[in-house]
Amino acid sequence: AQSVTQPDIHITVSEGASLELRCNYSYGATPYLFWYVQSPGQGLQLLLKYFSGDTLVQGIKGFEAEFKRSQSSFNLRKPSVHWSDAAEYFCAGSNTGFQKLVFGTGTRLLVSP
Amino acid sequence: NAGVTQTPKFRVLKTGQSMTLLCAQDMNHEYMYWYRQDPGMGLRLIHYSVGEGTTAKGEVPDGYNVSRLKKQNFLLGLESAAPSQTSVYFCASSPPGGGTGELFFGEGSRLTVL
C-alpha cells in the first residue's frame, strides 16, 4: 500500500542542538509530500510541502526538508531547536490528489534544557 | 478570523447512543474532511467532501455518516456509538482542487464512548 512511515516515535533534543526527523514514503511516482506540526491540544499546522522542482524546501519556523528519491525519504531538519518546537510532527503524502492525504504515525519531539 | 471551528470540543457517550459533530469553515473552501486521530496511528481519513452536496469515503468510513448540505458546514454522525470510536476527531478544509495542498485544521473534538 502507498504510505508514509515515520520510524521514530519519540525524539529528545537539547535546546540549541540540530534536529532531523525521518520520513520515508512508498509511492511509485513522485508524490506530494508535507510536514505538519501539532502543538498540544491544537489542530495541525502546515510547516512545508514538496510537489516538484528544487528538492530542498524551506518552511515556516526555520524548518526545511529534503526530498531524496534514491532513499524514498523526506526528512525534516532544523539547525537549532527552541523549546517552543516541542510538539508532534507528522509527515503526509499523496499521489492521488490532496483530498486523500495519508499521514504517518507521528514523531513526538521533546526539547531538553 | 475563525477559520475551522468544531463543536462540541468534548463529549462522552454511552455505547449505542448517537451524536453529530459539526464543522464550520469561513474561508469559502470547497473541500472538507473528517479525520480521526488515535495514539500510534496518526490521522486517518474518515470521509471527505469536494463540494456542497457531495461526500466520499475515506480510509475508515465504517460506523460514520456525513452530510454537506451547506458549503461552509460538514457534519459527522455516529448513529450507534461504539467504544472503538473513542478518538480525537479533526475537521479540515482546503480550497478548490486542494489548492496548494495545505489543509486547514480545526482544534479537534475529543469523543469518549463508554
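Remember, predicted model here, so these are calculated numbers, not experimental data.

What follows concerns the packing of aromatic side chains. Within this structure, the stated rule accounts for 16 aromatic pairs over all chains. Ring centres of A:Phe103 and B:Phe105 lie 6.3 Å apart, and the angle between their planes is 80 degrees; this geometry places the pair in the edge-to-face category. Separated into two different chains, A:Phe103 in strand 11 (residues 102-103) and B:Phe105 in strand 10 (residues 104-105) make up a pair that spans both. A single burial state applies to A:Phe103 and to B:Phe105, both of which are buried. The interplanar angle of 80 degrees and the centroid separation of 6.4 Å between the aromatic rings of B:Phe90 and B:Phe105 together place this pair among those described as edge-to-face. Taken together, the residues span a long stretch of sequence, with B:Phe90 in strand 9 (residues 87-94) and B:Phe105 in strand 10 at a distance of 15 residues. Exposure class is identical for B:Phe90 and B:Phe105. Each is buried.

Its location among the elements puts A:Val37 in strand 5 (residues 32-38). With 10 residues separating them in the primary sequence, A:Val37 and A:Leu47 have C-alpha atoms 6.6 Å apart.

Two cysteines joined by a covalent bond between their sulfur atoms form a disulfide. Residue and element names in this part refer to chain A. If you walk through the whole model with that rule in mind, you get two disulfides over all chains. Here Cys23 connects covalently by a disulfide to Cys91, the sulfurs 2.0 Å from one another. Torsion about the S-S bond of the Cys23 and Cys91 cystine: about -65 degrees, corresponding to left-handed handedness. With Cys23 in the loop between strand 3 (19-21) and strand 4 (24-26) and Cys91 in strand 10 (residues 87-94), this residue pair connects regions lying 68 residues apart in the sequence.

Another aspect to go through is the interface of chain A and chain B. Counting residues at the interface gives 18 residues for chain A and 22 residues for chain B. Across the interface of chain A and chain B, roughly 1,600 Å² is buried in total on both sides, 59% from carbon and sulfur atoms. Counting the contacts that link chain A with chain B gives two residue pairs in polar contact (both at pLDDT 80 or more). Among the elements of the structure, strand 5 and strand 6 (44-50) of chain A are those that each provide at least two residues to the side of chain A that touches chain B. Taken together, the residues that form the side of chain A that touches chain B break down as nine nonpolar, seven polar and two charged.

This paragraph deals with the pattern of salt bridges. Under the criterion given, the structure shown has eight salt bridges over all chains. Here A:Glu88 ties to A:Arg108 by a salt bridge, and the two come within 3.0 Å at their closest N and O atoms. On the criterion of sequence distance, the pair formed by A:Glu88 in strand 10 and A:Arg108 in strand 12 (residues 107-112) is long-range, its members being 20 residues apart. Of the charged contacts in the structure, one is a salt bridge between B:Asp38 and B:Arg36, with a shortest N-O distance of 2.8 Å. B:Asp38 sits in the buried class, given a relative accessible area of 10%.

Bringing the nonpolar core into the picture now. Residues and elements named next belong to chain A. Counting 26 residues, the largest nonpolar core has Leu19, Trp35, Leu47, Leu48, Phe74, Leu76 and Tyr89 as its most contacted members. Secondary-structure elements contributing two or more residues to this core are strand 2 (10-14), strand 3, strand 5, strand 6, strand 8 (64-68), strand 9 (73-78), strand 10 and strand 12. If sequence neighbours within four positions are ignored, Leu76 has contacts with Leu19, Glu20, Leu21, Trp35, Leu47, Leu48, Phe63, Glu64, Ala65 and Tyr89.

On to the sheet that holds strand 3 (residues 19-25) of chain B. All names here are of chain B. Taken together, the four strands give an open sheet; going across it, the order is 1-3-8-7, and neighbouring strands pair in antiparallel fashion. Taken across any chain shown, the strands that pair with only one partner, and hence form the sheet edges, are strand 1 (4-7) and strand 7 (65-67). Taken over all neighbouring pairs, the strand axes of this sheet differ in orientation by 20 degrees on average, direction set aside. In terms of strand pairing, strand 1 meets strand 3 through four bridges, oriented antiparallel. When the bridges of strand 3 are listed, Thr7 appears paired with Leu22.

Cut-off values and rules
- Residues numbered from 1 in each chain as written.
- Chains lettered and ligands numbered in written order.
- Predicted model: local features only at pLDDT ≥ 70, side-chain atom pairs only at ≥ 80, totals over all residues.
- Heavy atoms only, no water.
- Phe/Tyr/Trp six-rings, centres within 6.5 Å; stacked < 30°, edge-to-face > 60°.
- Helix = DSSP H or I, 4+ residues; strand = E, 2+ residues; numbered from the N terminus.
- Buried < 20%, exposed > 50% of the residue type's maximum accessible area, 1.4 Å probe, protein only.
- Disulfide = S-S within 2.5 Å.
- Contact = heavy atoms within 4.5 Å.
- Buried area = accessible area lost by both parts, 1.4 Å probe.
- Polar contact = N/O pair within 3.5 Å; in protein donor to acceptor, adjacent residues only side chain to side chain.
- Nonpolar A, V, L, I, M, F, W, Y, C, P; charged D, E, K, R; others polar.
- Salt bridge = Lys/Arg side-chain N within 4 Å of Asp/Glu carboxyl O.
- Core = buried A, V, L, I, M, F, W, Y, C linked by side-chain atoms within 4.5 Å.
- Pairing = 2+ DSSP bridges.
- Axes fitted to C-alpha atoms, helices over the stretch in contact; angles between N-to-C directions.

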